[in-house]
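Examining the three-dimensional arrangement
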Amino acid sequence: MTKYAMVVDLNRCQGCRGCTTACKVENNTVEGNFWMHVFRFEQGSFPDTEMSFLPRPCQHCDNAPCVKVCPVGARFKREDGLVLTDADRCIGCRYCELACPYGVNYFNWQDPEKAQYSVVDWKDSDLQPVTDGVVPPYKNPDLDELWGEEQRRTAGGGHAKGIMEKCTFCVQRVEKDLDPACVETCPTDALVFGDIDDPGTPISLYLRENRTWQLLEEAGTRPSVYYVGGTPPSSELKEIERPKATV
Amino acid sequence: MRRTGAIALIVMGVALLLAGYLLAAPWGASTVADSDPAVVGAPTLFIIGIVSLLSSALFYELLPDGR
Amino acid sequence: MSVETRVEQKLPQGVGRLTPGWLVFFAVSFVVFVIGIGAYSYQLSNGLIVTGMRSTGTMGGATWGLYVVMVEYFIGVSLAGVVLAAFVEVFNIGALRPVSRLAVLLTIASLSTGVLGVLLDLGSPFRGFVNMLLYVRPQSAFFGTFMLVAVGVLMTSLVYLYLGGRRDAATIAGTPSGLRWFHKLWAAGYRDTEPERERHRRVMFWLSIGLVPLVIVALSTEGLVFGIQVGRPGWYGSLQGPDFIVLAAASGLANLVVLTAIIRRAVGARIPLGHAVFKWLGSLLLAATAASLYFQTVKTFTLLYATPGNERLIADALLRGPYAWIFWSSLVLMVVAMILLVSQAATGAWSVPAVVAASVAISTAAVAERYLTVIPSQTHGMLLPYEPGSYFPTWVEFAVVGGLFALGAILIGGFVKVFPIINLNSNRREVRTDA
């Protein structure tokens, strides 16, 4: 049976946030929502400081607290390990967001048209001739499809107002035997994705050859994301900057 | 009649509560993967169960004398 | 007494007569309610972006805000009323019998506002309503809110109110008035015969016996919503359920005291709401407040000894950080209320204004306590090193919450004009029992 997982090699990550950008383009997420976030930490005091990075996708936990608390089964775990949100089922109670210790859930606080590229009103009649009606500039049609055995709209859908969303491991790409957008983009190959039940896959090899750790192992969530190198973040670490894009 | 009717409503209520609860919760699932109720709409059975239980009180008290 | 009531030509307790004071009260409540509806419509069309809530983590907000705080408060307040009425029924506490209907009404009003508050907080409220019927999962703590509280406790309280009022309805159904049809409908053929009374006693007894555990279990799930969250410092712990119940009892009794005082003033001296009622309510309030303060102390001490991890961040935020003023103010209010109540209990001289003052203090402290349960763990309780967040409600949230309060006021205020709020037959049963 297939069991998807991701390896994040912190020895290779240089904090470029290419993964963050690729994720936003592929998944067309709204302003302020970062399905893939990269922490940039600073330790020590000037001039003896050291920077470190920690990419944080959804951990697709095997014992997912978000799945447990969802009152209507909108958040569910597939047989292949992906933890997904059914955009047609979610009622927007935001309980999953509070249950998740990793902070990976993002609620759609407003209409995507307003939330996305909000500096421009894309419905403006003056703009229509320029954009030829293609607004926002890029919209991935795969996001609206039904995926998997369950045939549920799990790839983010239209980022509709009032529902929850989060990293899907790019279910729309995985279903086509492609790597998630972040993995595909990473210039240093710090991200590896694949089936860990198949001993022959690159990720299985990676896991065999490297010591790994998992984020907040003590929370008992059994994440599907494994980290290589670096150290688990302590509460002493400080983020260098907070993402400026907010809603 | 009064007592029989009330007891019947209580029994039906408890049965519906149990059925609604058990069908809504996929017991026996080994993982968190099974997050849907075994029967869609099972929670409604639970609600009807509550209504049935409470109706027993109304039935018992409201049924006119001599029945 | 019952004979007097029967021959009276006017409906008792001002039922059916609209006084200028009541009209002003109702008009103000209605305006506030309409403003609340307006604010909610604005929220519905624009999304929850119009509130102060934002996602936790990188967005640096609190994803549950004032709505959930008030839902917790309202549902908490609902506990005391119907449980008190059940105790009055089971233990035949004659002194409290006059307020038992008011107590049940308080439960119904606060539950209605609380449950409505849950819907108002949802991102997709209509879908929420439908999906609750189709998919709600018993494994989620929200099952308690949706099924046990919203359906179970609310419907049981309605049945309780209805059956408990049948005898009074029959009593006043003989009085000519525009509301006679309503009272006859409520009485549903009740003739106050001995077998009917016996049946009623039996039904109310068993309803009460079933109700108390249902309420305790249902409302404990409100605490469990937070208590089962391993990933949220400040929330995880077995104390959340019991703590919710204890504060719920205190805040519910406090609201009942205030309501009783208002009714006493509005309806006048011809109703059996003497000092004995306030002495009973004050004593119960004292016990509940003492228990709540005990829980509060235990929780604070646990915080003080928190290890230098993320629990410590919550402790700092509460004790000396941005939430310190709320934390210490609520504690001071509770202590002041305790002093007021203990001094009265010690001297035996219960004063209505003093019990009311203590109740207002406790009720305010309860709102603060609910706020401190819900908010800080979101803004400061991240296990990963996100920067601390912040939350402040917007005018929309205040207006919607104001609308919820107004709805509660309309429900209670409207009820007292169509039905006697104080049991007309309070003393009858006692006479029968004594005889």
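Conventions we followed
Residues numbered from 1 in each chain as written. Chains lettered and ligands numbered in written order. Predicted model: local features only at pLDDT ≥ 70, side-chain atom pairs only at ≥ 80, totals over all residues. Helix = DSSP H or I, 4+ residues; strand = E, 2+ residues; numbered from the N terminus. Rg over C-alpha atoms; globule rule 2.2 N^0.38 Å. Buried ≥ 20, exposed ≤ 12 C-beta atoms within 10 Å, placed from the backbone. Contact = placed C-beta atoms within 7 Å. Nonpolar A, V, L, I, M, F, W, Y, C, P; charged D, E, K, R; others polar. Pairing = 2+ DSSP bridges. Axes fitted to C-alpha atoms, helices over the stretch in contact; angles between N-to-C directions. Parallel < 35°, antiparallel > 145°, perpendicular 65-115°, else oblique. Left-handed = near helix turned anticlockwise from the far one by under 90°. pLDDT = per-residue confidence, 0-100.

1. Examining the overall build of chain A
- When helices and strands are tallied, chain A shows eight helices and eleven strands.
- Relative to its length of 247 residues, chain A is compact, with a C-alpha radius of gyration of 18 Å against a globular reference of 18 Å.
- Taken over the C-alpha atoms alone, chain A extends approximately 55 × 50 × 30 Å along its principal axes.
- Here chain A holds 247 residues, and the buried ones make up 47% of them.
- The long-range fraction of contacts in chain A, counting pairs at least 24 apart against all pairs at least 6 apart in sequence, stands at 63%.

2. Description of the interface of chain A and chain C
- Residue-level contacts link 45 residues of chain A with 42 residues of chain C.
- Elements supplying a minimum of two residues to the side of chain A that touches chain C: strand 2 (37-45), helix 2 (65-69), helix 3 (95-99), strand 6 (106-107) and strand 11 (238-239) of chain A.
- Its residues assigned to classes, the side of chain A that touches chain C shows 25 nonpolar, eleven polar and nine charged.

3. Some remarks on the interface of chain A and chain B
- Opposite the ten residues of chain A that make contact, chain B presents five residues.
- Of all the elements in the fold, those that place two or more residues in the side of chain A that touches chain B are helix 2 and strand 4 (75-77) of chain A.
- Classifying every residue of the side of chain A that touches chain B by side-chain character gives four nonpolar, two polar and four charged.

4. Remarks on the environment of C:G178
Residue and element names in this part refer to chain C.
- Topologically, G178 is positioned in the loop between helix 6 (142-172) and helix 7 (180-187).
- Taking the number of C-beta atoms within 10 Å as the measure of exposure, G178 has 9 and is therefore exposed.
- Here the alpha-carbon distance between G178 and G16, two residues 162 residues apart in the chain, equals 7.7 Å.

5. Comments concerning the sheet that holds strand 1 (residues 4-9) of chain A
Residue and element names in this part refer to chain A.
- Read from one edge of the open sheet, four strands run 8-1-10-9, paired in mixed fashion. The two strands at the open ends of the sheet, each matched to only one other strand, are strand 8 (191-195) and strand 9 (212-213).
- As paired elements, strand 9 and strand 10 (residues 225-228) share two bridges and run antiparallel to each other. Paired with W213 across the strands is Y227, a residue of strand 10.

6. So, the sheet that holds strand 11 of chain A
- The three strands are arranged 3-2-11 (chain A) in an open sheet whose pairing can be described as antiparallel. Only two strands of the sheet have a single partner each, and these edge strands are strand 3 (48-56) and strand 11 of chain A.

7. Quick word on the packing of helix 9 (residues 240-267) of chain C against helix 10 (residues 275-304) of chain C
All names here are of chain C.
- Running from N to C, helix 9 and helix 10 point in directions that differ by 150°, and their axes come no closer than 8 Å. The angle between helix 9 and helix 10 places the two elements in the roughly antiparallel class. The crossing of helix 9 and helix 10 is left-handed. The segment helix 9 lies against helix 10, with D243, V246, L247, A249, A250, L253, A254, L256, V257 and T260 engaging V277, L281, L284, L285, A288, T289, A291, S292 and F295.

8. Observations concerning helix 11 (residues 310-319) of chain C
- Taken as a whole, helix 11 of chain C has its buried residues at C:N310, C:L313, C:I314, C:A315, C:A317 and C:L318.
- Where helix 11 of chain C is buried, its residues contact helix 10, helix 12 (324-347), helix 13 (352-374) and helix 14 (376-379) of chain C.

9. Describing the packing of helix 6 of chain C against helix 7 of chain C
Residues and elements named next belong to chain C.
- Viewed as axis vectors pointing N to C, helix 6 and helix 7 meet at an angle of 140°, and their least axial separation amounts to 8 Å. Viewed along their axes, helix 6 and helix 7 adopt a mutual orientation that is oblique. Remark: the crossing between helix 6 and helix 7 carries left-handed chirality. Note on element contacts: helix 7 touches helix 6 through H183, W186 and A187, opposite G165, R166, A169, A170 and I172.

10. Details of the environment of B:L16
Residue and element names in this part refer to chain B.
- Tracing the sequence through the fold places L16 in helix 1 (residues 2-24).
- With twelve residues separating them in the primary sequence, L16 and T4 have C-alpha atoms 18 Å apart.
- With residues near it in sequence (within four places) discarded, L16 still touches L45, I48, G49 and S52.

11. Digging into the confidence of the model for chain C
All names here are of chain C.
- Scored by pLDDT, chain C has a mean of 90; 95% of the residues are at 70 or more.
- For the stretch residues 1-7, pLDDT sits under 50, and the model shows eight contacts to residues farther than four places along the chain or on other chains.
- A low-confidence stretch, residues 428-435 (pLDDT under 50), is modelled with three contacts involving residues beyond four sequence positions or located in other chains.
- Predicted complex, confidence summary: ipTM 0.91, pTM 0.93.

12. Focus on the pairing of strand 1 of chain A
All names here are of chain A.
- Among the six residues that make up strand 1, six are buried, leaving the element largely enclosed by the rest of the structure.
- Every second residue of strand 1 is oriented toward a common face, with Y4, M6 and V8 on one face and A5, V7 and D9 on the other, all of them buried.
- Summarising the sheet, strand 1 and strand 8 pair through five bridges and their orientation is antiparallel. Residue pairing across strands places V7 opposite V192, the latter belonging to strand 8.
- Note: strand 1 against strand 10, four bridges, orientation parallel.

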